[in-house]
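The lines below spell out each chain.
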Amino acid sequence: MVSAALDLASEAAGATLDVQGVSHRFVLHNEILPVLHDITLRAEPGSFVALLGASGCGKSTLLRLCAGLDRPRRGRLQMDGEEITRPHPSRVIMFQDPTLFPWRTVWDNAALGLEARGELRHGRGRVDEVLSLVGLDNFRRAYPHQLSGGMAQRVSLARALVNDPRLLLLDEPLGKLDSLTRLTMQGELTRLWQQRGFTVLMVTHDVEEALLMAQRVIVFSERPARIRADLRVELPYPRRRDDPELLRLRHEALGLLGLEAIW
Amino acid sequence: MSAIVSVNPAATQGIAALDDDVPRPRKLLAVAGLAWLGAAAAVLAWADTQEVARTDLLGTLAASLGGLLLLSWALGWIFPALARPGQWAPWLIVLATGLAAWETATAKLDLLPLPFFASPQAFLEVYTDDYPRLLDCLYHSVLLLAKGYLLGAAVGFVSGVALGWSTRIGYWVHPVLRLIGPLPATAWIPLAFFVFPTSASASVFLIALATWFPTTVLTWSGVASVQTAYYDVARTLGASQRFLVLKVAIPAALPHVFVGLFMGLGSSFAVLVVAEMLGVKSGLGWYLQWSQGWAAYANMYADLFIMALMCSTLITLLFRLRDHLLAWQKGMVQW
Ligand SMILES: Nc1ncnc2c1ncn2[C@@H]1O[C@H](COP(=O)(O)OP(=O)(O)OP(=O)(O)O)[C@@H](O)[C@H]1O
Ligand SMILES: [Mg+2]
């Protein structure tokens, strides 16, 4: 059992994500809506990258492309040198909306990936483990309509974490949590990432959260999104939010987002 | 200002009533018991004008019901669960009054023309004297309905899922469905009885057809309206096509499927009665026709009553099944 767990961990080590010159657009009311413009970025194995940008600039769109749910209009996306053409359980995405299956209990929702791949028999313990990690031990048998917004989001996070992803794509994973749970979950997620070594690409609208958790913070421009800056956060974990370097970066990031005057 | 702060007295009373957790037997329950005893007395003591049998039985039944209600009211003071029928007390009172009025207008005073208006005794007599035939009819109706409905529901469900899932199947089946589906199943009766070797198989086909259409259409629309986000979630977690159909599309569409099944059950009742009137030698629909031929109106009413019970029971069973399978939904209609 122990050796199996270790194997999983080494197998699950982080993947390289390569985004090369990706542009994307939608057609909205017969008009072309450019959303991503020539995005190039590379996430090293086991790195933690955060994406910051104004609402509607195209962050979720980029994440869907990375997951293989949509194909880009231009450019290419690769994971470990292999073209991303369709979804694969080695890259798991946590959507902005929890989108839990209302007919499944919390436990069954979290177990969805294992069940879909026929691994449920060996993975029951994992489901329990992850549910207690997100603090939903007592709600295993609840249905989604019996949960609060923040709880639903934590189930959705658990559903992603149960699988052993090599690339974890998180779309505002903590967006609906109250500030206290949020602080705890930031710590838990960072710890989990350090422990398991997967690569993380996380969208957030919280500058401080990005700086507390990620090694790199990529700031997008307004739509169509271009990369405006790629900030490196070379601070040891666990980080303190009153660290002078962090405050300096915060100032810089807010400035890049056009919020200098407010700050 | 003070009006905002003041507490609504009715609301506080409501809270007090909630605290009162040992329900006392309702006075109305005793009234209902007395009402039934009164009806029984009228039946038994008053001489019949019409020539009817079973007066004693009717009186005894009414008196027993009255006695039971009084007993449950009395014992309800000790065992509150026994006073449960109390919630139906208003209904029971109205029914006792109705029985007394019906009895007066028919058997006692002979005010209503025979044979259209049968007395309660005549009604009762049908059950005591003709029950073997009625049971046989009920058995055959349920059997026929079950065959046709289950066949139609199964085929309808499968074709609905296929239509919703596969655009290629949809391409071929959709136009056929649109043209043929809305046609009432009864329109096929002449053809069906001609084409099928036995009238029994023709009846099964017609009932199945009536069930098939609503089940298919609603299953199809249910599957087609499943949020793509559900599929996205499952696909990114490594779900196969099979998993997407069985574990995503079908459970998500199930509330729609049940609407279709309910509609199908309704139309299958209609077809059942018509098909039985035309083609078979035993069944509640056949019994209707047969008793009408003999101008035996009491038999007809007795048959209608059984039919209503049967339909209502089947609908209830379907509701139970739905409640069981869709326990995850909130705010469901209680049947
Ligand atoms: N399927 C779609 N069809 C048409 N337009 C779309 C579609 N999906 C997204 N868009 C448009 O693309 C733009 C970017 O959307 P996206 O969801 O990527 O934004 P976002 O950066 O994640 O914003 P937020 O921070 O508010 O979540 C939006 O203007 C949106 O209207
Ligand atoms: Mg988004």
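The model shown is predicted, which means the values in this text are computed figures rather than measured ones.

### Re unusual backbone geometry
Omega for the peptide link from Arg-223 of chain A to Pro-224 of chain A comes to -10 degrees, which places this bond in the cis form. Structurally, the position occupied by Pro-224 of chain A is in the loop between strand 9 (216–220) and strand 10 (227–232). Going from Tyr-237 of chain A to Pro-238 of chain A, the amide bond is cis rather than trans, its omega being -15 degrees. As for its position among the elements, Pro-238 of chain A is in the loop between strand 10 and helix 9 (244–256). The phi torsion at Arg-54 of chain B lies on the positive side, around 65 degrees, for a residue other than glycine. Assignment of secondary structure puts Arg-54 of chain B in the loop between helix 3 (27–45) and helix 4 (55–75).

### Quick word on the coordination of the magnesium ion (ligand 2)
Note on metal sites: the ideal angle is 109.5 degrees for four tetrahedral donors, and 90 or 180 degrees for six octahedral donors. All names here are of chain A. Within the protein, the atoms that donate to the magnesium ion (ligand 2) are Ser-60 (OG) and Gln-96 (OE1), at distances of 1.9 to 2.2 Å. Taken as a pair, Ser-60 in helix 2 (residues 59–67) and Gln-96 in the loop between strand 6 (91–94) and helix 3 (106–110) lie far apart in primary sequence, 36 residues in all. Judged by relative accessible area, Ser-60 falls into the partly exposed class, the value being 26%.

### Overview of the domain arrangement of chain B
Residue and element names in this part refer to chain B. Domain boundaries assigned for chain B yield domain 1 (21–108) and domain 2 (120–325). For domain 1 versus domain 2, the distance between C-alpha centres works out to 38 Å. In this complex, domain 1 contributes 14 residues to the contact, which on the side of domain 2 involves seven residues. Buried surface at the junction of domain 1 and domain 2, both sides included, amounts to about 790 Å², of which 70% is carbon and sulfur. Counting the surface domain 1 buries against domain 2, the share from its top three residues, Arg-54, Leu-58 and Trp-102, is 56%. On the surface where domain 1 and domain 2 come into contact, there are one salt bridge. One salt bridge connects Asp-129 with Arg-54, and the closest N-O pair in it is separated by 2.9 Å. Scanning the region where domain 1 abuts domain 2 turns up four residue pairs in polar contact (both at pLDDT 80 or more). Of all elements in the fold, only helix 4 and helix 5 (89–108) reach the threshold of two or more residues within the side of domain 1 that touches domain 2. Counting residues per element, the side of domain 1 that touches domain 2 draws most heavily on helix 5, at six residues.

So, how was this worked out
Residues numbered from 1 in each chain as written. Chains lettered and ligands numbered in written order. Predicted model: local features only at pLDDT ≥ 70, side-chain atom pairs only at ≥ 80, totals over all residues. Heavy atoms only, no water. Helix = DSSP H or I, 4+ residues; strand = E, 2+ residues; numbered from the N terminus. Donors = N, O, S within 2.8 Å, 3.2 Å for Na, K, Ca; no water. Buried < 20%, exposed > 50% of the residue type's maximum accessible area, 1.4 Å probe, protein only. Domains from an automatic or database assignment. Contact = heavy atoms within 4.5 Å. Buried area = accessible area lost by both parts, 1.4 Å probe. Salt bridge = Lys/Arg side-chain N within 4 Å of Asp/Glu carboxyl O. Polar contact = N/O pair within 3.5 Å; in protein donor to acceptor, adjacent residues only side chain to side chain.

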